[in-house]
Amino acid sequence: MKKSTPARGKSAKRRANSPNDLSPRKASFIHSTIVRWMGEGFHDTLDLQPEVSKPWDRKRYTRNGEVFTRESVLYHAFWSKYSSPDAPVLPGYTGKGTLPPDERKAAAIEKWLRAELRNQATNQRLRAFFADESGHRFGLVARFARLAIQQTIGSSPPEFLRGEFTGGASTRVKRGSLAIAKKFEGKAHCSTTAAPFWRKVLSEPVLWGLVNPDGFETIGTESSAMFTVPKSSHIDRVACKEPEANMYLQRALGLHIRSRLRRYGIDLTDQSKNRELARQGSKSRSYATLDLSSASDTISFEIVKGLLPPGWFDVLDAVRVKSTILPDGAVHPLEMFSSMGNGFTFE
């Protein structure tokens, strides 16, 4: 009887859990399940040849010269997360196969920089608009938005910012199981404008200052550090590591915004309503999710400055970083208000 040898080490564990290691049998099972869930009509859009073992080998069907884009897009969006080095181009459909890691990274950075160019143009346009709103139809919309925002989150954040550390990476601490503990130790990375808020945080809980007296002395860090993580078979996702003192303060503001939104029936910690609507939409096609490209990366500086109460804007602007260091070492001044990695971006 042949004995199986268990995988050893972290790399072996990663390989075992990697989508790239899907067996043909597993891939075929997932494919069949998707087709069944999406309805009988989906069969018309795929070449379901039984001898084809890999889902990316299945050709796209067209009818009268038109591709059934709704089903095809859903199908490809799912399989794009299961990239594999030997997956060829999907003929007649995407024109793209699985790209090497360096190309996926380069594509992500290029997309991020294009979003920044749009932010730059948006900031220039809004700067002129907010200087004189009279005569603009959008002025009424802006005034309504300001009122709604102030009624929801208040005119200013609380005086004492009670945040939290997460296990994500910062400019000083690597991501890992001990990341939170390490962020409480030593001299924290902190931007100049966030330092007064950080010192106030440390002075309030006496035990924190006693356990780590070095925490009052920060290491000036004015920029975040860009990195990328896998997103799909053809592009990575850009994120930025922030100074951990800034991250703590950003998280405090984000948590307060979240608590204020909850008063108005928007609970960001509860996804049950989203799940139920998604379930209904998948069955009846009566609902759809609007997923904008680069949505958080195109929230420009001037729109935040123009719509938020001054008390909120001043604090949010103080605890955010104003630039990020690109992988090639260049320092890029941010046109967006906050990048992915900032503690309040998704609140």
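Since we're looking at a predicted model, the values are computed, not measured.

Engineer: When you look at the packing of aromatic side chains in this model, what are you seeing that I'm missing?
Structural biologist: Given two aromatic rings, one states the distance between the centres and the angle between the planes to describe the pair. Scanning the model with the defined rule gives ten aromatic pairs in all. Feature note: the residues Phe165, Phe184, Trp198 and Tyr248 constitute an aromatic cluster, connected by ring pairs. Positioned over the ring face of Phe337 is Arg320, at 4.8 Å from the centre of the ring.

Engineer: When you look at empty space enclosed by the protein in this model, what are you seeing that I'm missing?
Structural biologist: A probe matching the size of a water molecule, rolled over the atoms, marks out where space remains unfilled. Under the counting rule described, the total for this entry stands at two cavities of 30 Å³ or more. The calculated volume of the second largest cavity comes to roughly 40 Å³. If you trace the second largest cavity, you find it lined by Lys183, Phe184, Glu185, Gly186, Ala188, Trp198, Leu202, Trp208, Asn212 and Gly215. Residues that form the lining of the second largest cavity fall into these classes: five nonpolar, three polar and two charged.

Engineer: Mind showing me how you'd approach the sheet that holds strand E8 (residues 331-333) here?
Structural biologist: As a general point, the strands of a sheet are linked pairwise by backbone hydrogen bonds and lie either parallel or antiparallel. Pairing is mixed in the open sheet, where four strands are placed in the order E6-E5-E7-E8. Each end of this open sheet is capped by a strand with a single partner; those strands are strand E6 (236-241) and E8. The average angle at which neighbouring strand axes cross in this sheet is 35°, direction not considered. Inspection of the sheet shows strand E7 (residues 323-325) paired to E8 by three bridges, in the antiparallel sense. Bridge pairing in E8 links Ser323 to Pro333. The strands that helix H4 (residues 101-131) touches are strand E5 (223-230), E6, E7 and E8; relative to E6, the one it contacts most, it runs at about 65°.

Engineer: What am I meant to see in the pairing of E6 here?
Structural biologist: Bridge count between E5 and E6: six bridges; the pairing is antiparallel. Within the sheet, the bridge partner assigned to Met226 lies in E6 and is Cys240. Where E5 folds back on E6, the antiparallel hairpin that results is connected by five residues.

Rules behind the numbers
Residues numbered from 1 in each chain as written. Predicted model: local features only at pLDDT ≥ 70, side-chain atom pairs only at ≥ 80, totals over all residues. Heavy atoms only, no water. Phe/Tyr/Trp six-rings, centres within 6.5 Å; stacked < 30°, edge-to-face > 60°. Lys NZ or Arg CZ within 6 Å of the ring centre and 35° of its normal. 1 Å grid on protein atoms, 1.4 Å probe; cavity = no way out; pocket = protein on both sides within 12 Å on 5 of 7 lines; lining within 4 Å. Points joined across faces, edges and corners; volume = space filled by probe spheres on them. Nonpolar A, V, L, I, M, F, W, Y, C, P; charged D, E, K, R; others polar. Pairing = 2+ DSSP bridges. Helix = DSSP H or I, 4+ residues; strand = E, 2+ residues; numbered from the N terminus. Axes fitted to C-alpha atoms, helices over the stretch in contact; angles between N-to-C directions. Contact = heavy atoms within 4.5 Å.

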